[in-house]
Amino acid sequence: VSVLITGAHLTATAAEKPGSNDSRSSIKIERITLPTVRPEADANIRRRYEIEKAAWVWHPDVPAGEETALLFRNEFSLPEARSITIHVSADQRYELTLDDQLISLGPDRGDLAHWSFASYEIQLPAGKHRLEAVVAWIGDHAPFAQLSYRGGFILAAEGDMASQLNTGTEHWKTRRLQGWSFEPGPRPGFVGAKQTIDGSKWFA
């Protein structure tokens, strides 16, 4: 079970929340497929995709390998309606929302030499908006098919939006989410562990 809860539900009124003025109905999201950039021999030598211009980020006070869930948030404004293209991935799991609307769950399966990322074209109205990602590192509780390196989150936007939306800039904030725990499921190693969220501790 995976549950996404955002602090905005507790700390902002409807009038104050980015994207709360019924703008969500005018947001259009389409997953897109990028052509393979060759030669593949240049991987990790030259940047081949826009997502490689962003930085992998994590909470500075959470040790690598420690089971945890983090909330990443980026609030931004658009002076006019426009289309943006973003690319996103994480290690091990993420849920990405825009103005409380689910955009993406992932990443798709891959390995360290062929890491997957998802790309989206989004039509956005003018005004304030909020990107949020809940990113979880679940360590040995992950299923066998989950090949990982260490906890991390990455998101990149194309064009002039990169300076506002790319991870590694000061626009992203993060905090640790409490109350996340794991226990062996009915078939540990195949489908992963049972995940439990204690809502009373989520914002502690």
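Refer to the structure presented above.
## Re the sheet that holds strand 2 (residues 68-78)
The strand order across the open sheet built from five strands is 5-4-7-2-9, with neighbouring strands paired in antiparallel fashion. Only two strands of the sheet have a single partner each, and these edge strands are strand 5 (101-106) and strand 9 (173-177). The sheet shows a mean angle of 20 degrees between the axes of neighbouring strands, direction not considered. The sheet contact formed by strand 2 and strand 9 spans five bridges and is antiparallel. Of the residues in strand 9, the one forming a bridge with Phe72 is Thr174.

## Side note on the sheet that holds strand 3 (residues 82-91)
Read across the sheet, four strands follow the order 1-6-3-8 without closing on themselves; strand pairing throughout is antiparallel. Every other strand in the sheet has two partners, leaving strand 1 (28-32) and strand 8 (152-157) as the edge strands with one partner each. When the angles between neighbouring strand axes are averaged without regard to direction, this sheet yields 25 degrees. Where strand 3 lies against strand 6 (residues 118-124), seven bridges are found, and the strand directions are antiparallel. Its bridge partner lying in strand 6, Arg82 is registered against Leu124.

## Structural notes on the packing of aromatic side chains
A complete count under the given rule lists five aromatic pairs for this structure. When the ring of Phe153 is compared with that of Trp172, the centres are 5.5 Å apart and the planes differ by 75 degrees; the resulting orientation is edge-to-face. On the criterion of sequence distance, the pair formed by Phe153 in strand 8 and Trp172 in the loop between helix 2 (162-165) and strand 9 is long-range, its members being 19 residues apart. A relative accessible area of 0% places Phe153 in the buried class. Taken together through their ring pairs, the aromatic side chains of Trp58, Phe72, Phe153 and Trp172 make up a single cluster.

## Some points on the pattern of salt bridges
With the rule as written, the count across this model stands at seven salt bridges. Here Arg31 and Asp108 are joined by a salt bridge, their closest N and O atoms 2.8 Å apart. Here Asp108 lies in the loop between strand 5 and strand 6 and Arg31 lies in strand 1, a separation of 77 residues in the sequence. Judged by relative accessible area, which is 42%, Arg31 ranks as partly exposed. We classify Asp108 as partly exposed; its relative accessible area is 40%. Between Glu50 and Lys53 there is a salt bridge; the shortest N-O distance is 3.2 Å. For Glu50, a relative accessible area of 28% corresponds to the partly exposed category.

What counts and what doesn't
Residues numbered from 1 in each chain as written. Predicted model: local features only at pLDDT ≥ 70, side-chain atom pairs only at ≥ 80, totals over all residues. Heavy atoms only, no water. Pairing = 2+ DSSP bridges. Helix = DSSP H or I, 4+ residues; strand = E, 2+ residues; numbered from the N terminus. Axes fitted to C-alpha atoms, helices over the stretch in contact; angles between N-to-C directions. Phe/Tyr/Trp six-rings, centres within 6.5 Å; stacked < 30°, edge-to-face > 60°. Buried < 20%, exposed > 50% of the residue type's maximum accessible area, 1.4 Å probe, protein only. Salt bridge = Lys/Arg side-chain N within 4 Å of Asp/Glu carboxyl O.

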